[in-house]
Amino acid sequence: MANDPRFDYALHLADNALVLAQRLGAWVGHAPELEEDLGLANLALDLLGQARLCYAYAAEIEGRGRTEDDFAYFRDEDEFRNCLLCEQPNGDFGHTIARHFYFSAYQQALYTALAAGPDARFAEIAAQGLRETRYHVRYSANWLVRLGDGTAESHARAQAAVDTLWPYVHELFESAAVDRAASAFAPAPESLRSAFERTLEATLAEATLRMPSDDWQPRGGKDGRHSEHLSYLLAEMQSLARAHPGARW
Amino acid sequence: MYTQGLDQAGYDTGYAQDDAALAQRFQARVDAEDKIEPKDWMPDAYRRTLVRQIAQHAHSEIVGMLPEGNWITRAPSLRRKAILIAKVQDEGGHGAYLYSAAETLGVARETLVDQLLSGAAKYSSIFNYPTLTWADAGAIGWLVDGAAIMNQIPLCRCSYGPYARAMVRICREESFHQRQGYELMLALCRGTEAQKNMAQGALNRWWWPAVMMFGPSDRDSKHTTQSQRWKIKRFTNDELRQKFVDFTVPQAEFLGLTIPDPELRFDADTGHYEHGPIDWSEFDAVVKGNGPCNRERLAARRTAHEEGRWVREAAAAHAAKQALRRAAEAR
């Protein structure tokens, strides 16, 4: 069914998860410690699983025979509805952790609301995702604390990461077209902010990091207007699939 | 194999300085298929051999994450991407429990990792070959994990308990990887012409390196006899190589692929496939550091280690501060 707001919303959730999974996947084999190779792979796998569930739901709603791979590999950059935060480069480990902490603290609030929402499928996907997301919050918060509280160097790097990525947090909590159309079954993003900020403030305090303050508030990802980073990410991710259109793998 | 460096470097049997009675009792236990445990007495040379073998195996798992990891970001379907991430993660997991097994012999993981990064320690030659196409991810699962299993299944019965137990779990996962790799190849071979060509190209590149994974021919292998007496090793390099060839050739035929060995033939009298001559000069070059990717692989490990230093230092500093805080609270 075309123009069903659940379709766009499912793609939005899926794109967030896939793009971030793609970023995390690039760490595997290159992490600071073997245990973190395993940990970051876990995060990537969880998000990839969530993306696949959401793409499958979008495909069902649309009912035109498209598959998860059609959505992932054969849409262009301006059709992706992920938030700008998810596509930001990995940077150093501190940036990856700060990005992940911001995103999973937001996602925890979102999934909590969706799991209690009226759409049974979103509720099911969110309830399953929530178990994973709680772990993601814990993993990234623990690392933020270790980095913030660790050495002078790690403290400075963690503060820089938290500051650099902060502007991209605002978009998470602003209603875009996809959110407004979803108001019957999904929470208003603005309503999630207080839960997020409680998690954030507690974690930053424990990490001895200061709250970022920056008025710059880039937005547009949810409307398909992305940063320069996404087209490179997609070019890499989609290259092989697009070189063999119609092939089965 | 993953521990083929053992067949190369200097080696001693070392019984002379050990107490003869202890040594005799030790050998009797090994002969009786008893498991040797970390706190048991063991000859120094047995300990050294095991440390080197387990460490080389662990290093191989860690370096082995790189060639396949090369395709994580480009896997052509989400299902394949998930399988590949999970597979590379499993390899990291194998590395972790192998380092733990080595630690039961009194060597810290940091020491072993330093040996890998300095180039002093060996890892399997196979991971110094490049993954040029997606099919290489399949060929590694099918051939490299397939070859590894040939060697590792007997290691589940290795005389050293912690290593044998680690190998039980590793073998279960490796055989799963082997099937996944084969299934990937099968999808390519049943796909388009271009996909089938990709599969054949990967077999052409990986066949001989996989055959060489078993290490030098028995005629040139120095360690087999003592390792067999200690029941660390149960079969010779050539015996394992033959098993692998016999097992794999029919699989290639089922895929409709051609093994890149014009001399390969089935000998009806012996029931075995006979392969053509192995280019040992290539093997020697790769083991000595001059394979196509030796330098890149080590450089990638060193970069990850160096760039992760501040993170590890932070974790250690935080843990120390936490311990102090807890101690202060307790007072």
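Our subject is the structure listed above.
Please read all numbers here as calculations on a predicted model, not as lab measurements. (Residues numbered from 1 in each chain as written. Chains lettered and ligands numbered in written order. Predicted model: local features only at pLDDT ≥ 70, side-chain atom pairs only at ≥ 80, totals over all residues. Heavy atoms only, no water.)

**A look at the overall build of chain A**
A count of helical and extended segments in chain A gives eleven helices and zero strands. The helix and strand sequence of chain A, counted from the amino end, reads α-α-α-α-α-α-α-α-α-α-α. In terms of C-alpha radius of gyration, chain A reaches 18 Å, essentially the compact-globule figure of 18 Å for 249 residues. Sequence-distant contacts, at least 24 apart, represent 81% of the contacts inside chain A between residues at least 6 apart. For chain A, the exposed area adds up to about 9500 Å²; of that, 50% sits on carbon and sulfur atoms. Charge separation in chain A, taken as the distance between the mean sites of 23 positive and 37 negative side-chain charges, equals 4 Å. (Helix = DSSP H or I, 4+ residues; strand = E, 2+ residues; numbered from the N terminus. Rg over C-alpha atoms; globule rule 2.2 N^0.38 Å. Contact = heavy atoms within 4.5 Å. Areas by Shrake-Rupley, 256 points an atom, 1.4 Å probe, with all protein chains shown as cover. Lys, Arg positive; Asp, Glu negative; His and termini not counted. Charge placed at Lys NZ, Arg CZ, Asp CG, Glu CD.)

**Looking at the overall build of chain B**
Within chain B, the secondary structure is distributed over 13 helices and two strands. Relative to a compact globule of 331 residues, whose C-alpha radius of gyration would be 20 Å, chain B shows 21 Å and is just as compact. The principal-axis extent of the C-alpha atoms belonging to chain B is close to 75 × 50 × 30 Å. Within chain B, counting contacts between residues at least 6 apart in sequence, those at least 24 apart form 79% of the total. Total accessible area on chain B is roughly 13700 Å²; 53% of this is exposed by carbon and sulfur atoms. Charge separation in chain B, taken as the distance between the mean sites of 42 positive and 42 negative side-chain charges, equals 6 Å.

**Some details on the pattern of salt bridges**
Taken as a whole and judged by the stated rule, the model has 35 salt bridges over all chains. Asp-149 of chain A is the partner of Lys-321 of chain B in a salt bridge, and the nearest nitrogen-oxygen pair spans 3.9 Å. With Lys-321 of chain B in helix α13 (residues 309-330) and Asp-149 of chain A in helix α6 (residues 120-149), the pair connects residues from two separate chains. The partner of Asp-136 of chain B in a salt bridge is Arg-205 of chain B, and the shortest N-O contact between them spans 2.5 Å. Residue Asp-136 of chain B is located in helix α6 (residues 134-155), and its partner Arg-205 of chain B is located in helix α8 (residues 193-212); the two are separated by 69 residues in the primary sequence. (Salt bridge = Lys/Arg side-chain N within 4 Å of Asp/Glu carboxyl O.)

**Describing the interface of chain B and chain A**
Contacts between the two partners involve 46 residues from chain B and, on the opposite side, 47 residues from chain A. When residues of chain B are sorted by the area they lose upon contact with chain A, Thr-73, Leu-78 and Trp-310 of chain B head the list and together hold 21% of the total. The interface formed by chain B and chain A includes 18 residue pairs in polar contact (both at pLDDT 80 or more). Elements with a contribution of two residues or more to the side of chain B that touches chain A: α3 (65-69), α4 (78-103), α7 (161-189), α8, α12 (294-307) and α13 of chain B. Sort the elements by how many residues they give to the side of chain B that touches chain A and α4 of chain B lands first, with 14 residues. Considering only residue class, the side of chain B that touches chain A consists of 26 nonpolar, ten polar and ten charged. (Buried area = accessible area lost by both parts, 1.4 Å probe. Polar contact = N/O pair within 3.5 Å; in protein donor to acceptor, adjacent residues only side chain to side chain. Nonpolar A, V, L, I, M, F, W, Y, C, P; charged D, E, K, R; others polar.)

**Examining the environment of His-226 of chain A**
Residues and elements named next belong to chain A. For His-226, the position within the fold is in the loop between α10 (193-206) and α11 (229-243). Of the residues examined, His-226 reaches a relative accessible area of 16% and is grouped as buried. As a C-alpha pair, His-226 and Leu-84 span 142 residues in sequence and 6.3 Å in three-dimensional space. Leaving out residues up to four positions away in the same chain, His-226 has contacts with Glu-77, Phe-80, Arg-81, Asn-82, Leu-84, Glu-87 and Gly-221. Within polar-contact distance, the side chain of His-226 engages the backbone oxygen of Phe-80 at 2.7 Å. Within the local environment of His-226, its side chain forms a polar contact with the side chain of Glu-87, the two groups lying 2.8 Å apart. (Buried < 20%, exposed > 50% of the residue type's maximum accessible area, 1.4 Å probe, protein only.)

**Here's the deal with the environment of Ala-147 of chain B**
Examined against the element boundaries, Ala-147 of chain B turns out to sit in helix α6. Residues Ala-147 of chain B and Arg-205 of chain B, spaced 58 residues apart in sequence, show a C-alpha to C-alpha distance of 15 Å.

**Structural notes on the packing of helix α5 (residues 93-115) of chain A against helix α7 (residues 152-165) of chain A**
A pair of packed helices is captured by two measures, namely the crossing angle of their axes and the spacing between those axes. Residue and element names in this part refer to chain A. Where α5 meets α7, the axes come as close as 8 Å, and the angle between the chain directions of the two elements is 50 degrees. By the angle class used here, α5 and α7 are oblique. The crossing of α5 and α7 is right-handed. Here Gly-94, His-95, Ala-98, Arg-99 and Tyr-102 of α5 lie close against α7, whose contacting residues are Ala-160, Ala-161, Val-162, Thr-164 and Leu-165. Residue composition of the contact of α5 with α7, by class: six nonpolar, three polar and one charged. (Axes fitted to C-alpha atoms, helices over the stretch in contact; angles between N-to-C directions. Parallel < 35°, antiparallel > 145°, perpendicular 65-115°, else oblique. Left-handed = near helix turned anticlockwise from the far one by under 90°.)

**Brief notes about the packing of helix α2 (residues 34-62) of chain A against α5 of chain A**
Residue and element names in this part refer to chain A. In the contact formed by α2 and α5, the axes pass within 13 Å of each other and the chain directions differ by 40 degrees. Judged by the sense of rotation from one axis to the other, the crossing of α2 with α5 is left-handed. Two secondary-structure elements touch here, α2 through Glu-36, Leu-40, Leu-43, Leu-47 and Gln-50 and α5 through Phe-93, Thr-96, His-100, Phe-103, Gln-107 and Tyr-111. Residue classes in the contact of α2 with α5 are distributed as six nonpolar, four polar and one charged.

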